[in-house]
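# A look at the structure
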Amino acid sequence: MRQQLKLLTMSDIHAEQVRWLWEPYLPRGKITIIQGDPGDGKTTFVLALAALLTQGLPMPGGSAAAPPMNVIYQTAEDGLADTIRPRLDVLGADCSRVLVIDESERELTLDDQRLAQAIRQTGAGLAVLDPIQAYLGNNVDMHRANEVRPIFKRLGQLAEQTGCAIVLVGHMNKMQGAKSAYRGLGSIDFRAAARSVLLVGHSKDDDDLRVVVHDKSSLAPEGPAILFSLDSDLGFQWKGFCDATASELLSGSGPSTTKTEQAEQLLQDLLVGGELASDELVRRASTMGISERTLKIAKQNLGVTAVRRGDRWYSYLPQEGKGVKC
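Residues numbered from 1 in each chain as written. Predicted model: local features only at pLDDT ≥ 70, side-chain atom pairs only at ≥ 80, totals over all residues. Heavy atoms only, no water.

### Digging into the pairing of strand E13 (residues 305–309)
This is how it is decided: Two strands qualify as a pair provided that DSSP identifies no fewer than 2 bridges between them. Per the convention used, a helix needs a DSSP run of H or I reaching at least four residues, while a strand needs a run of E reaching at least two, with both numbered from the N terminus.
Note that E13 and strand E14 (residues 312–316) share five bridges and pair antiparallel. Paired with Arg-308 across the two strands is Trp-313, which belongs to E14.

### A few points about the sheet that holds strand E8 (residues 196–202)
The strand order across the open sheet built from nine strands is E5-E4-E6-E7-E3-E8-E9-E10-E11, with neighbouring strands paired in mixed fashion. Of all strands in the sheet, those with a lone pairing partner are strand E5 (98–99) and strand E11 (235–242), marking the two edges. In this structure, strand E9 (residues 209–217) lies alongside strand E10 (residues 225–231), joined through four bridges in antiparallel fashion. Across the sheet, residue Leu-209 finds its bridge partner in E10, namely Ser-229.

### Thoughts on the pairing of E14
Looking at chain direction, strand E12 (residues 276–277) and E14 are connected through two bridges and run antiparallel. Along E14, the bridge assignment pairs Leu-276 with Ser-315. Between the antiparallel neighbours E13 and E14 lie two residues, among them Gly-310 with a positive phi of about 65°.

### Things to note about the nonpolar core
Keep this limit in mind: Nonpolar cores are built from buried Ala, Val, Leu, Ile, Met, Phe, Trp, Tyr and Cys residues. Side-chain atoms within 4.5 Å join them into one set. Three labels apply to residues, based on accessible area from a 1.4 Å probe with only protein chains included: buried if under 20% of the type maximum, exposed if over 50%, partly exposed otherwise in between. In this description, contact between two residues means that some pair of their heavy atoms is separated by no more than 4.5 Å.
If you look at the biggest cluster of nonpolar residues, it comprises 41 residues, and the most contacted ones within it are Leu-110, Phe-152, Ile-166 and Leu-168. Sequence-distant contacts of Leu-168, that is, excluding residues within four places in its chain, are made with Ile-31, Thr-32, Ile-33, Ile-34, Leu-110, Leu-129, Ile-132, Phe-152 and Leu-155.

### Comments concerning the layout of surface pockets
Threshold: Of the two site types, the cavity is a set of points on a 1 Å grid over the protein atoms alone where a 1.4 Å probe fits but cannot get out, and the pocket is an open set with protein on both sides within 12 Å along at least five of seven lines, each lined by residues with an atom within 4 Å of a point. Grid points are joined across faces, edges and corners, and a volume is the space filled by probe spheres set on the points. Each residue receives one of three labels: charged for Asp, Glu, Lys and Arg, nonpolar for Ala, Val, Leu, Ile, Met, Phe, Trp, Tyr, Cys and Pro, and polar for the others, Gly being one of them.
Taken as a whole, the second largest pocket spans an internal volume of roughly 340 Å³. Every residue lining the second largest pocket is counted, 13 residues in all, and those nearest its centre are Glu-16, Gln-17, Val-18, Lys-30 and Glu-160. Here the residues of the lining of the second largest pocket sort into four nonpolar, four polar and five charged.

### As for empty space enclosed by the protein
The full count for this structure, using the stated rule, is one cavity of 30 Å³ or more. Together, Leu-26, Ile-34, Val-46, Leu-49, Leu-126, Val-128 and Val-167 line the largest cavity. Among the elements of the structure, helix H1 (42–55) and strand E6 (126–130) are those that each provide at least two residues to the lining of the largest cavity.

### Remarks on the packing of H1 against helix H2 (residues 80–91)
Convention followed: Interaxial angle, 0 to 180 degrees, is taken between N-to-C directions of lines fitted to C-alpha atoms, where a helix line uses only the stretch in contact. For this classification, under 35 degrees means roughly parallel, over 145 means roughly antiparallel, 65 to 115 means roughly perpendicular, and everything else is oblique. The crossing is said to be left-handed when, going from far helix to near helix, the turn is anticlockwise and less than a right angle, and right-handed when the turn is clockwise.
Taken N-terminus to C-terminus, the directions of H1 and H2 make an angle of 55°; their axes are 9 Å apart at the nearest point. Comparing the axis directions of H1 and H2 gives the class oblique. In the crossing of H1 with H2, the sense of the turn from one axis to the other is right-handed. Contacts between H1 and H2 involve Thr-43, Thr-44, Leu-47, Ala-48, Ala-51 and Gln-55 from the former and Ile-84, Arg-87, Leu-88 and Leu-91 from the latter. In terms of residue class, the contact of H1 with H2 is made up of six nonpolar, three polar and one charged.

### Details of the side chain of His-214
Quick reminder of the rule: Pairing of N or O atoms within 3.5 Å defines a polar contact, subject to two protein rules: one partner must be a possible hydrogen donor and the other a possible acceptor, and residues neighboring in sequence count only if both atoms are side-chain atoms.
Within the element layout of this structure, His-214 appears in strand E9. Under the relative-accessibility criterion, His-214 is labelled buried at 3%. There is a polar contact of 3.0 Å between the side chain of His-214 and the side chain of Ser-196. A distance of 3.3 Å separates a polar side-chain atom of His-214 from the backbone oxygen of Lys-216. The contact partners of His-214, leaving out residues within four places of it in the chain, are Pro-24, Tyr-25, Ser-196, Val-197, Leu-198, Glu-222 and Gly-223.

See the structure below:
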């Protein structure tokens, strides 16, 4: 029997706002991929995000905090008792809100109904599978688009139906010099299915410093690169933002935080005595080859605030007075 054709008009579709766990990096109801080389801190970065979400704390650079939420975390590479739980404890996570699907009798896959059941039953706002390749299933060739595409289509539908942000953690391949779009393991359809892709790597300036570059953003302009450190004494620390690109991160020529550091120093020098017109800050930064984007990132890192007087905005360091954030 021939299937009956059903057509929709776009006038029947109700427009919706994009919802975020962390704007513009982590959209709700969508797939996000976080990838990088082994040892670059991908897992710690994801666990740090989970710790904030389970405590209901603001995300880095954000002012609004959501109520504490449940997180599903699946890993095929790290021990839950000797690796994941200790890291979550150090990061201050509410471990009663970090849930794991028991895989002792049967391994989980992206196409497994248990994943959908767990998200719906717990109301999880975030579900993490680390790494992607371990959850494709034994009969799926990750390099064949015709095998990968239907799995990711169903996974995307699950995310959309539940509003859960699904994060897939992946390794990079060894194609040195290739564009970032082709550095992820497996089919290019992995990247195509994701609405946001983040790359994690080392800073060339500091071996303890990690840089997370927003490599793909389908729902909003790409955000600035995120900085965090993994120090043997101080542990994990959020370090602000910088102006770095995926090509710099992958080429070995960067990323360098020099311009951001120059902008921070400029702001401290100019604002140490009090407020200054914001447009004058832009002009002074321009003479040093510092872009408005980099200046904005530096302002965010330092917590520079601004107030409007007449038709001009004036900026100042937070200890110099009170204002609204830039």
